Amino acid sequence: MSQVNDLSAPLDTQDDTQDGTQDAQAQPLLSVDGLTVSFKAGRKDWITVVKGIDYTVGRGEVLGIVGESGCGKSVSSFSILRLHNERTTKYGGSIRFAGRNVFDMSNRELLDLRGGDIGFIFQNPMSSLNPLMTVGSQLRETVRAHRRGLGKDEIEQRCLSALRKAGADTPEEWMGKYPYQFSGGQLQRVVIGMALINEPKLLIADEPTTALDVTIQMQLLKVLRHLRDELGMSIILISHDMGVVAQTCDRVAVMYRGRIVETASAARLFSDPQHPYTKALLSATPPLDGPEPKRLKTVADSMAEIEAAYREQEHKEA
Amino acid sequence: MAADGNGPRWLKALLASPTTLVGGVLLAVIALACFLMPWLGHMDAYATNTSAMLAAPGASGHLMGTDNVGRDLFARVLLGGKASLTVGFSAALIAGIVGLVVGLYSAYYPRLGYMLMRICDGLMAFPAILFGIVFVGSFGQTTRSVVLALSIVFIPMVARVVRSATLANMNENYVQVLVNLGAGGNRILWRNIALNVIGEWIVEVTFVFADAILVEAAMSFIGAGIPQPHPSWGNMLYDSRTYIYSAWWLTVFPGVALALTVFVINMFGDGLREVLDPKKRR
Amino acid sequence: MATQHRPILQVNNLCKDYVTRGFSHNAANIFHALKNVSFEVDHRQTYALVGESGSGKSTTAKIISALEKPTSGTVVFDGDNYTDDSPRQLRRDIRGNIQMVFQDPFSSLNPRKSIAGALLEAMEIQNVGNTKRERLDAAESMLERVGLGSWALNRYPYQFSGGQLQRINIARALVVEPKLLILDESVSALDVSVQAQVLNLLQDLKEEFALSYLFITHDLSVVRFIADRVGVLRKGTLVEEGTVGEVFANPRTDYTRNLLDSIPLPDPSRHQLAG
């Protein structure tokens, strides 16, 4: 294990993780402070992919992280559960979940966290399921891994209710089917159900709808929104799609080249973007109504501005 | 990024893989020893010497001792190695080339491929040694027929590997692009897909090389391989059986030489598999 | 130049069935991928074919680019019905005129071929240019045209980003001087900012080379920007067709309306998830 922790930070007090400048709740469920992630590139070379990011997720809040491929949005979210290979990854900063630093946890505690208090949804539903096992047996397995000593009926009830929460219309029938018998949208519901099964406090969804058709995407976003509204779940939604984030999230962080360049409430970010990169991303999406542009503004058009703002931030943080 | 062309990159990858490097160097050393030393040292592997029969290693200038008729064992091991390597390499080369052609075409033309693959299945149903014995029995016991028999036996192995690699490549869009441009089968196969299956092909040919040496040794051991008095590791092991209790060196040296060579070739092949893996390059 | 009222591409009553056979007679399973699809692409127009996964849009693309044969129906290029052409006829009359750019920019290029190799090969197959020098010049100027340069010629695909590779794929399609370019989800895998650049590029190239586009996509927001006409495919049937203005303003079918309403808008005040 080769994480570089901020050992000077006190571990016991939860109160100092408060972030007064954010409009999050008084005691954030998750707070990420100065997170850096580096990967081994050669014998002594390390590439820093995440360059010191801070954010918090309040209870019952949906945080969106947007950015383009390679900006570090997935890498930073995988780090919350320390999912990277520990031998080739160096972490810095701290990630506190419910007051406890993830980087101080033992492997045992981490295993309990994964699929327990934190659920994870990956982009490709097919790769997160075992094709040779029925959905039911995979769900039951997940329950047993985290809650020992539950009765058969209780396990069954848990599975069914998780599937129902994920929007399955006939959960009893779904339990007996194999992954190949589902459509892509249904499979992603199964995966969401699996993430929900141990009633997590935080759900991390990494591009959960990217591989799906728009109509199915809309249904799944409704499911996520419903989880927040009805069960008070906190959600981190990682996406490259400004539209998806605008419709689903309360607060949005924009990532660019390993840094968060702008964080704001969804309403503010989309009506009054501050950072030139955010502006560029918004204008690069072809509009669905209003006047039709002859040409699209691209990120390259405002590259000078973006780089200047990025360097300024880099300078400030250094 | 700065590296232009393919040369420096594969060389770099080769140097970064100790398995390949050690395997390759050892294989080169063995081959050079077997081919050059008898020639440079004027060694005689056939001269009998009744005054020095079954001499122990080190005695009277015989590094590995002598055999039952007083021939120098070191010279015979080296010469046997020359025979084994020649047979193995030729068989691997022939099987490799024919297998490449069969594999490529049988993947690209499904009907032809179905037929060719059934023939391969038929060939593979014979144990390699049995086929070798029958073949040598009917076409005469010469080095050439041994090579030919081994080539035929190993063609299906190469063909299968090439075929499955080709099939995987045919799902890539670049093949569709070529069809869409109006490219013919030969251009698609030889000037495009072949470039991408050549890595797997080389690896498979290396393994066939090692396998062929083993099968040749087995054939020689039962007397259906390299004809006597030419030494080969197989027939040397056969000759040593009688003296296994009195002259251990007759068994140990050819046996170790055989095992070492096969080990080194397999090591080299395993290393190449990593070096040439296209997935690692991306 | 062909007469203006003759469309560059006509697709007439296209049907495509896929049959999976087993041992018993009953095991034969027929899947109707396309059911009676007809549409026309005019000269210098962009026709967008929109549909969700499994709607048959890629099958249509493959039939038009003569990678597959339809079960029934015809495809006509500039008055020439090439549905049942031999490979030789296709190569002479069709292949060079209809080019296709695929979704995945990486797998569309041979990983072991340099960019120059890929472009020259395309020209060789189609007999464009007389000498190697001529072809090399054409390749270079086309690479410059798509926003790369001669520096790209001797590099290999793994040295480029997805956006750059897609430009190279477009360049390779264009060096054989086609009249119709089929773009099968060609910008779907790209990041927003790169996608915008490629879309702008496609708009420019269309003017410059007098191209017609068949733009196949699931993304309606792109359609509005790039296309003139749009057809909506659903489970192998063309359920709606019209100019982009008509279809986007007044979709005639519930299916199209639902598709349009399902695009998440970058505007939180719209509350699309409510209800």
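These figures come from a predicted structure and were not determined experimentally.

### A short note on the overall build of chain C
Phase 1: Within chain C, the secondary structure is distributed over nine helices and 10 strands.
Phase 2: In terms of overall size, chain C behaves like a compact globule, its C-alpha atoms giving a radius of gyration of 20 Å where 275 residues would be expected to give roughly 19 Å.
Phase 3: The principal-axis extent of the C-alpha atoms belonging to chain C is close to 60 × 55 × 45 Å.
Phase 4: Relative to its 275 residues, chain C shows a buried fraction of 56%.
Phase 5: Put simply, of all contacts in chain C between residues at least 6 apart along the chain, 67% involve residues at least 24 apart.
Phase 6: Accessible area for chain C stands at about 11500 Å²; split by element, carbon and sulfur atoms hold 45% of it.
Phase 7: Of the charged side chains in chain C, 30 are positive and 32 negative, and the gap between their average positions amounts to 5 Å.

### Here's the deal with a nonpolar patch on the surface
All names here are of chain B.
Phase 1: Taken together, the side chains of Phe89, Leu93, Ile94, Ile97, Val98, Val101, Leu148 and Trp190 make up a nonpolar region of the molecular surface, amounting to roughly 650 Å² of accessible area.
Phase 2: Considering each element in turn, the nonpolar patch owes the most residues, six residues, to helix 3 (residues 73–108).
Phase 3: In this structure, Ile97 sits in helix 3.
Phase 4: Residue classification places Ile97 among the partly exposed positions, given a relative accessible area of 47%.

### Details of the nonpolar core
One broad rule of soluble globular proteins: the nonpolar side chains tend to lie buried together.
Phase 1: Judged by nonpolar contacts, the single largest core of 211 residues is most densely connected at Phe39 and Tyr82 of chain C.
Phase 2: With 15 residues, the top contributor of residues to this core is helix 8 (residues 185–221) of chain B.
Phase 3: Sequence-distant contacts of Tyr82 of chain C, defined by excluding residues within four places in its chain, comprise Leu9, Ile64, Ala66, Val75, Val76, Phe77, Leu90, Ile94 and Ile98 of chain C.
Phase 4: Tyr91, Ile95, Leu202 and Ile238 of chain A belong to the second largest nonpolar core, which has 32 residues in total.

### Observations regarding unusual backbone geometry
All names here are of chain C.
Phase 1: In this model, Ala66 sits at a positive phi of 60°, which is unusual for a non-glycine residue.
Phase 2: For Ala66, the position within the fold is in the loop between helix 1 (57–64) and strand 4 (72–77).
Phase 3: Assessed through its relative accessible area of 16%, Ala66 is described here as buried.
Phase 4: Positive phi, normally seen in glycine, also occurs at Asn127, with a value near 55°.
Phase 5: Along the chain, the position of Asn127 falls in the loop between helix 3 (115–125) and helix 4 (132–145).

### Comments concerning the packing of helix 4 of chain C against helix 5 (residues 162–175) of chain C
All names here are of chain C.
Phase 1: Close contact between helix 4 and helix 5 brings their axes to 9 Å; oriented N to C, the two are set at 135°. Taken together, the axes of helix 4 and helix 5 lie oblique to each other. Our pair here, helix 4 against helix 5, has a crossing hand that is right-handed. The segment helix 4 lies against helix 5, with Ala138, Ala139, Met142 and Leu143 engaging Ile168, Ala171, Leu174 and Val175.
Phase 2: Partitioning the contact of helix 4 with helix 5 into residue classes produces eight nonpolar, no polar and no charged.

### Thoughts on helix 4 of chain C
Residue and element names in this part refer to chain C.
Phase 1: Over its 14 residues, helix 4 extends 20 Å from the first C-alpha to the last, a length consistent with the 20 Å expected when each residue adds 1.5 Å.
Phase 2: Taken as a whole, helix 4 has its buried residues at Arg135, Ala139, Met142 and Leu143. All buried residues of helix 4 project into a common sector of 100° when viewed along the axis, lining one side.
Phase 3: For helix 4, the secondary structure elements touched by its buried residues are helix 3, helix 5 and helix 6 (192–209).

### Remarks on the sheet that holds strand 2 (residues 29–41) of chain C
Residue and element names in this part refer to chain C.
Phase 1: Here four strands make up an open sheet; going across it, the order is 2-1-4-5 and the pairing antiparallel. Sheet topology places strand 2 and strand 5 (80–81) at the edges, where each strand pairs with a single neighbour.
Phase 2: With respect to the sheet, helix 1 is in contact with strand 1 (9–20), strand 2 and strand 4, its orientation differing from that of strand 1 by roughly 115°.

### Describing the interface of chain C and chain A
Phase 1: Contacts between the two partners involve 32 residues from chain C, matched on the other side by 39 residues from chain A.
Phase 2: Of all residues in chain C, Val192, Arg224 and Leu273 of chain C bury the most surface against chain A, accounting for 24% of the area lost on that side.
Phase 3: Asp289 of chain A is the salt-bridge partner of Arg270 of chain C, the closest N and O atoms lying 3.5 Å from each other.
Phase 4: Applying the counting criterion to the chain C and chain A interface returns 13 residue pairs in polar contact (both at pLDDT 80 or more).
Phase 5: Looking at which element gives the most residues to the side of chain C that touches chain A, the answer is helix 6 of chain C, with eight residues.
Phase 6: Residues that form the side of chain C that touches chain A fall into these classes: 15 nonpolar, 10 polar and seven charged.

### Details of the UniProt feature "domain: ABC transmembrane type-1" (unreviewed entry) in chain B
Phase 1: Taken from the UniProt record, the annotation "domain: ABC transmembrane type-1" (unreviewed entry) applies to residues 81–269 of chain B.
Phase 2: What you have in residues 81–269 of chain B is 84% helix and 0% strand, and the ends, taken at the C-alpha atoms, are 19 Å apart.

### Here we look at the UniProt feature "transmembrane region" (unreviewed entry) in chain B
Phase 1: Feature annotation in UniProt places "transmembrane region" (unreviewed entry) on residues 21–40, 83–107, 119–139, 145–162, 201–226 and 246–272 of chain B, given in this structure's numbering.
Phase 2: Between the end C-alpha atoms of residues 119–139 of chain B there is a gap of 21 Å, over a span that is 90% helix and 0% strand.

### Things to note about the packing of helix 3 of chain C against helix 5 of chain C
Working note: a packed helix pair is described by the angle between its axes plus the distance between those axes.
All names here are of chain C.
Phase 1: Contact geometry of helix 3 with helix 5 gives a least axis separation of 8 Å together with a crossing angle of 25°. In terms of orientation, helix 3 lies roughly parallel with respect to helix 5. The element helix 3 and its partner helix 5 pack so that their crossing is right-handed. Between helix 3 and helix 5, the residues in contact are Ile115, Ala118, Leu119, Ala122 and Met123 and Ile168, Ala171, Arg172 and Val175, respectively.
Phase 2: Looking at the contact of helix 3 with helix 5 residue by residue, the class counts come to eight nonpolar, no polar and one charged.

### Quick look at the side chain of Gln126 of chain C
Phase 1: Along the chain, Gln126 of chain C falls in the loop between helix 3 and helix 4.
Phase 2: Given a relative accessible area of 15%, Gln126 of chain C falls into the buried group.
Phase 3: Every residue in contact with Gln126 of chain C, bar those within four places of it in the chain, is listed here: Leu181 of chain B together with Arg91, Arg95, Gly96 and Val176 of chain C.

### Describing empty space enclosed by the protein
All names here are of chain B.
Phase 1: Under the criterion given, the structure shown has five cavities of 30 Å³ or more.
Phase 2: Estimated volume of the largest cavity: approximately 90 Å³.
Phase 3: For the largest cavity, the full set of lining residues is Asp67, Asn68, Arg71, Leu73, Arg76, Met236, Asp239, Ser240, Tyr243 and Leu250.
Phase 4: Those elements that place two or more of their residues in the lining of the largest cavity are helix 3 and helix 9 (233–240).

### Some details on the pairing of strand 9 (residues 229–234) of chain C
Residue and element names in this part refer to chain C.
Phase 1: Bridge count for strand 3 (residues 46–51) against strand 9 is five bridges, and the pairing is parallel. Paired with Gly51 across the bridge in strand 9 is Leu233.
Phase 2: In this sheet, strand 10 (residues 237–243) lies alongside strand 9 in antiparallel orientation, the contact comprising six bridges. By the bridge assignment, Arg234 is partnered in strand 10 with Thr237.
Phase 3: Counting the residues in the hairpin turn of strand 9 and strand 10 gives two residues, including Lys235, whose phi is positive at 50°.

Calculation rules
- Residues numbered from 1 in each chain as written.
- Chains lettered and ligands numbered in written order.
- Predicted model: local features only at pLDDT ≥ 70, side-chain atom pairs only at ≥ 80, totals over all residues.
- Heavy atoms only, no water.
- Helix = DSSP H or I, 4+ residues; strand = E, 2+ residues; numbered from the N terminus.
- Rg over C-alpha atoms; globule rule 2.2 N^0.38 Å.
- Buried < 20%, exposed > 50% of the residue type's maximum accessible area, 1.4 Å probe, protein only.
- Contact = heavy atoms within 4.5 Å.
- Areas by Shrake-Rupley, 256 points an atom, 1.4 Å probe, with all protein chains shown as cover.
- Lys, Arg positive; Asp, Glu negative; His and termini not counted.
- Charge placed at Lys NZ, Arg CZ, Asp CG, Glu CD.
- Patch = residues over 30% accessible without salt bridge, like charges linked within 9 Å, V, L, I, M, F, W, Y side chains within 5 Å.
- Salt bridge = Lys/Arg side-chain N within 4 Å of Asp/Glu carboxyl O.
- Core = buried A, V, L, I, M, F, W, Y, C linked by side-chain atoms within 4.5 Å.
- Axes fitted to C-alpha atoms, helices over the stretch in contact; angles between N-to-C directions.
- Parallel < 35°, antiparallel > 145°, perpendicular 65-115°, else oblique.
- Left-handed = near helix turned anticlockwise from the far one by under 90°.
- Nonpolar A, V, L, I, M, F, W, Y, C, P; charged D, E, K, R; others polar.
- Expected span 1.5 Å × (residues − 1).
- Arc of directions from axis to C-beta.
- Pairing = 2+ DSSP bridges.
- Buried area = accessible area lost by both parts, 1.4 Å probe.
- Polar contact = N/O pair within 3.5 Å; in protein donor to acceptor, adjacent residues only side chain to side chain.
- UniProt positions renumbered as here; feature names shortened; annotations may be inferred.
- 1 Å grid on protein atoms, 1.4 Å probe; cavity = no way out; pocket = protein on both sides within 12 Å on 5 of 7 lines; lining within 4 Å.
- Points joined across faces, edges and corners; volume = space filled by probe spheres on them.

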